[in-house]
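If you want the building blocks of each chain, they are given just below.
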Amino acid sequence: QVQLVESGGGLVQAGDSLRLSCAASGRTFSSYRMGWFRQAPGKEREFVATISRMGTYYADSVKGRFTISRDNAKNTVYLQINSLKFEDAAVYYCAATFRTRLGYRSDDYDYWGQGTQVTVSS
């Protein structure tokens, strides 16, 4: 019922900026809690950021550099990434839930996109 498609990843240099997008369909977008997670090779999936009508929350590792936002008219959530570091390299996934959740655990979410690759070079 709910489909999520990420885009915007690519090969970038450390210190650069990047904006990831996640387009949602299938249900009223404004009703979603949306989240971004990332997974690097050999590591577990980790929380990055979440947004709901109550506000936003970020992992400590990205505070001050990443911004999550949403455009309800376009059914899209964004992740603006600034001052990229090597440790930011990962596959980035967006996720959605219609249930009331804290939003920073993977199992808080019911729907996931396919992921978009962010590669950081120097």
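The notes below deal with the structure included here.

How each quantity is defined
Residues numbered from 1 in each chain as written. Predicted model: local features only at pLDDT ≥ 70, side-chain atom pairs only at ≥ 80, totals over all residues. Heavy atoms only, no water. Helix = DSSP H or I, 4+ residues; strand = E, 2+ residues; numbered from the N terminus. Contact = heavy atoms within 4.5 Å. Salt bridge = Lys/Arg side-chain N within 4 Å of Asp/Glu carboxyl O. Buried < 20%, exposed > 50% of the residue type's maximum accessible area, 1.4 Å probe, protein only. Pairing = 2+ DSSP bridges. Axes fitted to C-alpha atoms, helices over the stretch in contact; angles between N-to-C directions.

### A short note on the environment of Ala59
- By the element assignment, Ala59 lies in the loop between β6 (55-58) and β7 (66-71).
- Separated by 34 residues in the primary sequence, Ala59 and Tyr93 have C-alpha atoms spaced 15 Å apart.
- Ignoring anything within four residues of it in the chain, the contact list for Ala59 reads Phe47 and Val48.

### Overview of the pattern of salt bridges
- Tallying each qualifying case throughout the model produces six salt bridges.
- A salt bridge links Asp110 to Arg99; the shortest N-O distance between them is 2.2 Å. Residue Asp110 is located in the loop between β9 (90-97) and β10 (111-112), and its partner Arg99 is located in the loop between β9 and β10; the two are separated by eleven residues in the primary sequence.
- Under the relative-accessibility criterion, Arg99 is labelled partly exposed at 38%.
- The residue Arg105 makes a salt bridge to Asp107 at a minimum N-O spacing of 3.3 Å.
- One continuous salt-bridge network, built from bridges that share partners, spans Arg38, Glu46, Arg65 and Asp88.

### A word on unusual backbone geometry
- Although it is not a glycine, Asn75 sits at a positive phi angle of roughly 50°.
- Locating Asn75 in the fold gives a position in the loop between β7 and β8 (76-81).
- Relative accessible area serves as the criterion here: at 28%, Asn75 is assigned to the partly exposed category.
- One non-glycine residue, Ser83, adopts positive backbone phi at about 50°.
- Mapped onto the elements, Ser83 comes out in the loop between β8 and β9.

### Some words on the sheet that holds strand β3 (residues 18-25)
- Taken in spatial order, the four strands make up an open sheet running β1-β3-β8-β7, and their pairing is antiparallel. Only two strands of the sheet have a single partner each, and these edge strands are β1 (3-7) and β7. Adjacent strand axes in the sheet meet at a mean angle of 15° when their direction is disregarded.
- The pairing of β1 with β3 spans five bridges and is classified as antiparallel. Residue pairing in the sheet places Gln3 in a bridge with Ser25 of β3.

### Looking at the side chain of Ser52
- With respect to the helices, strands and loops of the structure, Ser52 is situated in strand β5 (residues 46-52).
- Setting aside its immediate chain neighbours within four residues, Ser52 contacts Arg33 and Arg70.

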